[in-house]
Number of protein chains: 2
Amino acid sequence: MTGDVLGLLRAELGAQVDTSPAALEDARADKSGHRASAAPLAVVHAETVEHVQATLRIASATGTPVVTRAAGTGLAGAANAGGGEIALSVRRMTRILEVSPDDLLAVVEPGIVNADLNAQLAAYGLWWAPDPASRAISTVGGNIATGAGGLLCAKYGVVRDAVLGLDVVLADGRLVRMGHRSVKGVTGLDLTSLLIGSEGTLGVIVGATLKLRRVVPGDVCTIAATFPTVRAAAAASSAVTAAGIQPAIMELMDAASLSAAHALLGLPAPTPGASQLTVQTDGPAARTEADAIAEVLSAAGGTVSATYDRDEGERLLAIRRAMHPAMESLGNALIEDVSVPRSQMAAMFDEIARVEREHGVEIPTVAHAGDGNLHPNFVFQGEDVPQVIWDAADDLFRAAIRLGGTLTGEHGIGLLKRRWLADELGDDQWRLQRDIARVFDPAGILNPGKVFEA
Amino acid sequence: MTGDVLGLLRAELGAQVDTSPAALEDARADKSGHRASAAPLAVVHAETVEHVQATLRIASATGTPVVTRAAGTGLAGAANAGGGEIALSVRRMTRILEVSPDDLLAVVEPGIVNADLNAQLAAYGLWWAPDPASRAISTVGGNIATGAGGLLCAKYGVVRDAVLGLDVVLADGRLVRMGHRSVKGVTGLDLTSLLIGSEGTLGVIVGATLKLRRVVPGDVCTIAATFPTVRAAAAASSAVTAAGIQPAIMELMDAASLSAAHALLGLPAPTPGASQLTVQTDGPAARTEADAIAEVLSAAGGTVSATYDRDEGERLLAIRRAMHPAMESLGNALIEDVSVPRSQMAAMFDEIARVEREHGVEIPTVAHAGDGNLHPNFVFQGEDVPQVIWDAADDLFRAAIRLGGTLTGEHGIGLLKRRWLADELGDDQWRLQRDIARVFDPAGILNPGKVFEA
């Protein structure tokens with residue numbers, strides 16, 4: 001059967017089919033630190049919609065599983081391709097097909113890197129707002145397939161707010177165009193939103209009509225504030241939100257992550273135990289808002305420094321952006337991604353401290369404090385997640401749910417969080433979602449074992 | 001069978017079951033000007049989630065169709081209940097269960113009227129942004145079920161941007177909670193978005209977690225500009241968008257609708273042939289933006305008057321808000337709801353003029369020019385839509401599609417537009433959507449004959 005599938009792929013797709021050991025090895029893993037136990041059959045490097053369609057026709061005819069991937073920067077294992085599977089890469093589909101400044105939209109292929117797109121949009125005075133921390137290496141298609149978030153979400157929205165339409169190849173190779181080019185559109189069911197965050201289980205995104213924004217005029221101001229405890233920093237971030245000021249970015253680093261990032265960047269060690277909030281404001285009122293935020297943070301017990309200089313601000317933020325490599329430098333990490341209502345930030349940090357105590361683990365944590373999305377990092381050595389880490393993660397996740405939160409704010413379910421999916425959705429909704437996936441993919445060839453695996 | 005259903009409903013729901021002629025008559029129609037050919041079996045006035053669940057359990061057990069409604073202000077016939085059907089009204093479920101200013105969210109029941117909710121939120125300095133023209137009479141549940149739009153959408157978003165989660169009773173009476181209370185959340189498929197705009201075909205919305213905004217500080221400035229032709233007005237509106245200024249509201253009225261609204265309000269007749277743009281700006285930069293817009297409109301050939309006074313501005317907008325009653329005063333109306341990319345506004349008005357010429361009909365048209373959503377009104381006398389009107393509407397819709405637009409921007413498909421649904425979606429996507437609806441409603445008891453009727 002393996003021979004048949006490979007033969008069929010090669011006959012129809014020729015040079016797009018790659019079975020080199022390096023390519024197969026690469027397709028086994030994303031950035032989650034997890035890796036499929038065996039290599040996939042082949043990597044198909046699709047360069048056109050037709051390549052994707054041909055791959056899916058063959059997969060469908062032969063009952064072969066297909067794992068769609070692009071840059072492989074996911075953090076939940078959703079793009080890991082294993083034994084007997086076709087890894088379908090759309091990484092080479094990088095064209096910008098249209099930019100319409102008057103309609104504030106762009107039509108792009110899925111493999112274009114987020115930062116590359118934005119570099120090209122800048123020439124029009126436009127940008128696509130989603131800014132996952134991985135934006136320099138992650139693709140627009142991957143951002144959409146995972147429903148990515150980022151640092152700017154509280155002010156500028158998540159991926160779901162920034163996509164007008166999608167071109168999707170179905171499991172059997174048919175191409176369907178979902179959504180609209182217009183600002184409004186309610187024709188039928190909103191399949192565009194359904195595909196966003198579907199992690200390769202419903203179809204393959206081969207084109208996207210993106211909703212753009214004009215580049216925000218004015219200053220970018222940055223405030224860094226250190227607090228004696230993480231709880232104080234979290235409470236201060238809630239105070240900013242409650243004061244009715246909308247920062248563009250508000251990032252929180254606890255003491256362990258701040259130390260790790262400083263070490264990675266070769267900076268002097270921070271004050272022991274200190275946590276940090278890094279806040280940016282932008283737009284015409286950036287300075288007024290920065291001053292108001294500095295006042296709130298001071299009143300909340302922070303030691304505040306502020307700059308109206310954009311470059312100096314980027315240097316302050318670089319510490320936050322170093323978090324993921326800093327964790328990688330410590331070992332493998334199970335990165336949690338819980339999200340809670342913003343008023344519950346301090347309470348969630350209390351829960352993290354409790355989980356650390358009760359399970360005897362350290363959990364360096366950063367948070368997009370402006371939108372209540374936390375990334376507790378469970379660092380471990382070796383290939384497999386130790387049971388104590390799973391237990392601590394389980395405890396942490398249930399705490400987030402109790403606080404009105406959710407299992408994943410922006411990374412997705414993939415492999416790593418599927419064991420908790422039904423806990424959050426409830427059995428009725430879990431079955432409903434799985435049955436919807438079956439409508440798209442009756443034979444279950446699209447990313448099997450991910451998300452909905454019971 | 002009818003007797004059985006009624007008996008079962010009465011036994012379980014007692015006083016909630018209403019078979020008075022007035023109630024049955026009322027449930028036959030919405031504000032589309034269309035009416036079911038016979039009256040429904042009964043109206044169930046649900047006051048609790050349990051009432052909705054009991055109704056659906058009985059409907060499911062007896063195979064009885066259920067048409068969910070609230071205020072009956074829809075414009076596509078989706079809430080019209082006919083012979084053999086249960087009209088399930090959630091209009092009495094009007095409670096606000098929670099307002100959380102710190103988390104910018106509210107949890108409400110579906111029957112609360114949009115304006116009533118906003119009146120209560122104002123005490124917190126908060127508002128729910130969706131503002132359909134019907135906001136004084138339409139409910140939050142209806143706004144969500146239709147995916148309503150409104151006047152402020154280009155700046156403040158549509159319903160889909162303003163809902164975090166939904167509580168939904170399924171066809172068999174089970175309750176499912178979809179979505180999140182947090183800003184971010186990508187756990188599983190986005191069923192919340194799927195339910196928004198599903199027009200009663202997937203489930204009954206019994207609760208909604210709404211994403212709120214803080215009341216915008218600053219002035220509200222209003223500019224009215226008249227133009228010698230509708231094309232000139234449309235081109236001027238595109239020029240405002242292209243200039244990078246974001247008005248809160250930008251409404252266009254063509255000569256026929258302007259005349260009708262003036263007549264209804266007892267105002268002096270406008271200059272013959274004149275079209276009008278009414279633009280509002282808000283927020284801290286309202287005056288600067290209003291001045292800039294006035295300049296763009298003058299340069300585009302408009303006769304401009306402007307006011308920084310909020311009340312005077314509301315008087316100018318009252319002419320636009322009188323459009324729907326003005327059309328009702330002329331006869332029955334088939335209200336089209338096409339939406340095009342903003343750059344195509346002038347071209348769409350050219351197409352409307354062509355359709356008027358070629359089909360010999362008059363099509364008074366207003367448009368949410370800021371987001372490219374047009375409401376061409378086909379006025380006719382009598383109960384049934386004449387064939388010439390259907391033909392003209394068909395021509396118009398296809399023109400919108402050619403311009404990259406869509407059949408419905410904010411009213412939904414309901415009865416009136418189901419004949420074109422597959423034309424826009426394509427047969428593959430139409431079947432996919434219908435099959436998803438069947439996952440929710442295998443027996444087809446939820447609003448049958450609407451949206452997906454072939």
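Every value quoted in this text rests on a predicted model; they were computed, and no experiment measured them.

Cut-offs applied
Residues numbered from 1 in each chain as written. Chains lettered and ligands numbered in written order. Predicted model: local features only at pLDDT ≥ 70, side-chain atom pairs only at ≥ 80, totals over all residues. Heavy atoms only, no water. Helix = DSSP H or I, 4+ residues; strand = E, 2+ residues; numbered from the N terminus. Rg over C-alpha atoms; globule rule 2.2 N^0.38 Å. Buried < 20%, exposed > 50% of the residue type's maximum accessible area, 1.4 Å probe, protein only. Contact = heavy atoms within 4.5 Å. Areas by Shrake-Rupley, 256 points an atom, 1.4 Å probe, with all protein chains shown as cover. Lys, Arg positive; Asp, Glu negative; His and termini not counted. Charge placed at Lys NZ, Arg CZ, Asp CG, Glu CD. Pairing = 2+ DSSP bridges. Axes fitted to C-alpha atoms, helices over the stretch in contact; angles between N-to-C directions. Parallel < 35°, antiparallel > 145°, perpendicular 65-115°, else oblique. Left-handed = near helix turned anticlockwise from the far one by under 90°. Nonpolar A, V, L, I, M, F, W, Y, C, P; charged D, E, K, R; others polar. Polar contact = N/O pair within 3.5 Å; in protein donor to acceptor, adjacent residues only side chain to side chain. Least-squares fit on C-alpha atoms with pLDDT ≥ 70 in both. Salt bridge = Lys/Arg side-chain N within 4 Å of Asp/Glu carboxyl O. Phe/Tyr/Trp six-rings, centres within 6.5 Å; stacked < 30°, edge-to-face > 60°. Lys NZ or Arg CZ within 6 Å of the ring centre and 35° of its normal. Buried area = accessible area lost by both parts, 1.4 Å probe. Patch = residues over 30% accessible without salt bridge, like charges linked within 9 Å, V, L, I, M, F, W, Y side chains within 5 Å. Domains from an automatic or database assignment.

1. A short note on the overall build of chain A
Here comes step 1: When helices and strands are tallied, chain A shows 16 helices and 18 strands.
Here comes step 2: The C-alpha radius of gyration of chain A comes to 22 Å, within 12% of the 22 Å expected for a compact globule of 454 residues.
Here comes step 3: Seen along its three principal axes, the alpha-carbon backbone of chain A occupies a region of about 65 × 55 × 45 Å.
Here comes step 4: Across the 454 residues of chain A, 61% fall into the buried class.
Here comes step 5: Partitioning the contacts of chain A with sequence separation of at least 6, the portion at a separation of at least 24 is 73%.
Here comes step 6: For chain A, the computed accessible surface area is about 15,700 Å², with 51% contributed by carbon and sulfur atoms.
Here comes step 7: In chain A, 37 side chains carry a positive charge and 53 a negative one; their mean positions are 3 Å apart.

2. Topic: the environment of B:A306
Here comes step 1: Inspection of the secondary structure assignment puts B:A306 in strand β15 (residues 303-307).
Here comes step 2: Contact partners of B:A306, with chain neighbours within four places excluded, come to B:T222 and B:I223.

3. Regarding the sheet that holds strand β12 (residues 219-227) of chain A
Residues and elements named next belong to chain A.
Here comes step 1: If you trace the 7 strands from one edge of the open sheet to the other, you get β15-β12-β14-β13-β17-β18-β16, paired in antiparallel fashion. At either end of the open sheet lies a strand with only one pairing partner, and these are β15 (303-307) and β16 (332-335). The average angle at which neighbouring strand axes cross in this sheet is 20 degrees, direction not considered.
Here comes step 2: Note: strand β17 (residues 365-368) against strand β18 (residues 373-380), 4 bridges, orientation antiparallel. Bridge assignment links H368 to a residue of β18, and that residue is N373.

4. A word on the packing of helix α15 (residues 418-425) of chain B against helix α16 (residues 427-440) of chain B
Residue and element names in this part refer to chain B.
Here comes step 1: Contact geometry for α15 and α16: axes closest at 6 Å, N-to-C directions at 120 degrees. Judged by the inter-axis angle, α15 sits oblique to α16. Viewed along their axes, α15 and α16 form a crossing whose handedness is right-handed. Contact with α15, carried on its side by L421, A422 and L425, involves D427, Q429, W430 and Q433 of α16 and no other residues of that element.
Here comes step 2: Split into classes, the residues belonging to the contact of α15 with α16 amount to 4 nonpolar, 2 polar and 1 charged.

5. Things to note about the side chain of B:S198
Here comes step 1: With respect to the helices and strands, B:S198 occurs in the loop between α7 (191-195) and β10 (204-211).
Here comes step 2: Looking at B:S198, the relative accessible area reads 3%, which means it is buried.
Here comes step 3: Among the polar contacts made by the side chain of B:S198, one reaches the main-chain carbonyl oxygen of B:L195 at a distance of 2.7 Å.
Here comes step 4: Every residue in contact with B:S198, bar those within four places of it in the chain, is listed here: A:L189 and B:A145.

6. Here's the deal with the relation of the copies chain A and chain B
Here comes step 1: The transform that puts chain A on chain B rotates by 180 degrees and translates by 0.0 Å along the axis, for an RMSD of 0.0 Å. What the superposition gives is, in effect, a two-fold axis relating one chain to the other.
Here comes step 2: By residue overlap, the copies meet face to face through one surface: 100% of the interface positions of chain A are interface positions in chain B.

7. Focus on the environment of B:Y308
All names here are of chain B.
Here comes step 1: Positionally, Y308 belongs in the loop between β15 and α11 (310-321).
Here comes step 2: Between the alpha carbons of Y308 and I223 there is a distance of 8.8 Å; along the sequence they are 85 residues apart.
Here comes step 3: Polar contacts involving the side chain of Y308 include one to the side chain of D291, which spans 2.7 Å.

8. Observations regarding the sheet that holds strand β2 (residues 42-45) of chain B
All names here are of chain B.
Here comes step 1: As summarised here, the arrangement of the 4 strands in space is β1-β2-β4-β3, forming an open sheet in which the pairing is mixed. Of all strands in the sheet, those with a lone pairing partner are β1 (17-18) and β3 (66-69), marking the two edges.
Here comes step 2: Bridge count for β3 against strand β4 (residues 86-89) is 4 bridges, and the pairing is parallel. Across the sheet, residue R69 finds its bridge partner in β4, namely S89.

9. Let's talk about the pattern of salt bridges
Here comes step 1: Taken as a whole and assessed by the stated rule, the structure comprises 53 salt bridges over all chains.
Here comes step 2: Close ionic contact of A:E351 with A:R354 constitutes a salt bridge, the shortest N to O distance being 2.9 Å. Of the two residues, A:E351 and A:R354 are both situated in helix α13 (residues 345-359); the distance of 3 residues between them amounts to about one turn of the helix.
Here comes step 3: On the basis of relative accessibility, which here comes to 17%, the residue A:R354 falls in the buried class.
Here comes step 4: For B:R177, the salt bridge is made with B:D167, and the minimal N-O distance between the two is 2.8 Å. With B:R177 in strand β9 (residues 175-179) and B:D167 in strand β8 (residues 163-169), this residue pair connects regions lying 10 residues apart in the sequence.
Here comes step 5: Among the residues examined, B:R177 registers a relative accessible area of 56% and is labelled exposed.
Here comes step 6: Given a relative accessible area of 18%, B:D167 falls into the buried group.
Here comes step 7: Here the residues in one salt-bridge network are A:E351, A:R354, A:E358, A:D395 and A:R402, joined through shared partners.

10. A few points about the packing of aromatic side chains
Here comes step 1: Applying the stated criterion to the full structure yields 8 aromatic pairs over all chains.
Here comes step 2: Between B:F397 and B:W420, the aromatic rings sit 5.8 Å apart at their centres with planes inclined by 50 degrees, giving tilted as the arrangement. Of this pair, B:F397 sits in helix α14 (residues 387-402) while B:W420 sits in helix α15; the two residues are 23 residues apart in sequence, bridging distant segments of the chain. With respect to class, B:F397 is no different from B:W420; both count as buried.
Here comes step 3: On the basis of an interplanar angle of 75 degrees and a centroid distance of 6.4 Å, the ring pair of B:W430 and B:F452 is categorised as edge-to-face. You can see B:W430 sitting in helix α16 and its partner B:F452 sitting in the segment after α16, a full 22 residues away along the chain.
Here comes step 4: Residue classification places B:W430 among the buried positions, given a relative accessible area of 10%.
Here comes step 5: Since its relative accessible area comes to 10%, B:F452 is described here as buried.
Here comes step 6: Three or more aromatic residues link up through ring pairs in this structure, and these residues are A:W390, A:F397 and A:W420.
Here comes step 7: A cation over an aromatic ring shows up here: A:R419 above the ring of A:W390, its NZ or CZ 3.7 Å from the ring centre.
Here comes step 8: The side chain of B:R419 reaches across the aromatic face of B:W420, ending 5.8 Å from its centre.

11. Points about the interface of chain A and chain B
One frequently used descriptor of interface size is the decrease in accessible area upon assembly of the parts.
Here comes step 1: Contact residues are listed per partner, giving 66 residues for chain A and 66 residues for chain B.
Here comes step 2: Buried surface at the junction of chain A and chain B, both sides included, amounts to about 5,600 Å², of which 60% is carbon and sulfur.
Here comes step 3: A per-residue breakdown of the area chain A buries against chain B is headed by A:K184, A:V186 and A:L189, which together make up 16% of the total.
Here comes step 4: Inspection of the chain A/chain B interface yields 8 salt bridges.
Here comes step 5: Of the charged contacts, one joins B:D371 and A:K184 as a salt bridge, the two residues approaching to 3.1 Å between their closest N and O atoms.
Here comes step 6: Viewed at the interface, chain B and chain A are joined by 32 residue pairs in polar contact (both at pLDDT 80 or more).
Here comes step 7: Listed by contribution, the elements that provide at least two residues to the side of chain A that touches chain B are β9 (175-179), α7 (191-195), α8 (230-242), α15 (418-425) and α16 (427-440) of chain A.
Here comes step 8: For the side of chain A that touches chain B, the class distribution of residues is 24 nonpolar, 26 polar and 16 charged.

12. Considerations on a nonpolar patch on the surface
Here comes step 1: Where nonpolar side chains cluster on the molecular surface, the patch consists of A:L264, A:L265 and A:L267 and spans about 230 Å² of accessible area.
Here comes step 2: Considering the arrangement of structural elements, one finds A:L265 in helix α9 (residues 255-265).

13. Side note on unusual backbone geometry
Residue and element names in this part refer to chain A.
Here comes step 1: Look at L104: it is not a glycine, yet its phi comes out positive at around 50 degrees.
Here comes step 2: Look at L104 and you get buried, because its relative accessible area is 11%.
Here comes step 3: We note that E199 has phi near 55 degrees; this positive angle belongs to a residue other than glycine.
Here comes step 4: Within the secondary structure, E199 sits in the loop between α7 and β10 (204-211).

14. A closer look at the domain arrangement of chain A
Residues and elements named next belong to chain A.
Here comes step 1: Here chain A is partitioned into domain 1 (2-89), domain 2 (96-214), domain 3 (219-402) and domain 4 (417-454).
Here comes step 2: For domain 2 versus domain 3, the distance between C-alpha centres works out to 28 Å.
Here comes step 3: Tallying the contact residues gives 8 residues for domain 2 and 12 residues for domain 3.
Here comes step 4: At the boundary of domain 2 with domain 3, total buried surface from both sides reaches about 930 Å², with 51% on carbon and sulfur atoms.
Here comes step 5: Together, L151, A154 and K155 form the three largest contributors to the area buried by domain 2 at its contact with domain 3, with a combined 61%.
Here comes step 6: Among the salt bridges present, the one from D282 reaches K155, with a minimum N-O distance of 2.7 Å.
Here comes step 7: For the pair domain 2 and domain 3, the interface holds 2 residue pairs in polar contact (both at pLDDT 80 or more).
Here comes step 8: Per-class residue counts for the side of domain 2 that touches domain 3 are 5 nonpolar, 1 polar and 2 charged.

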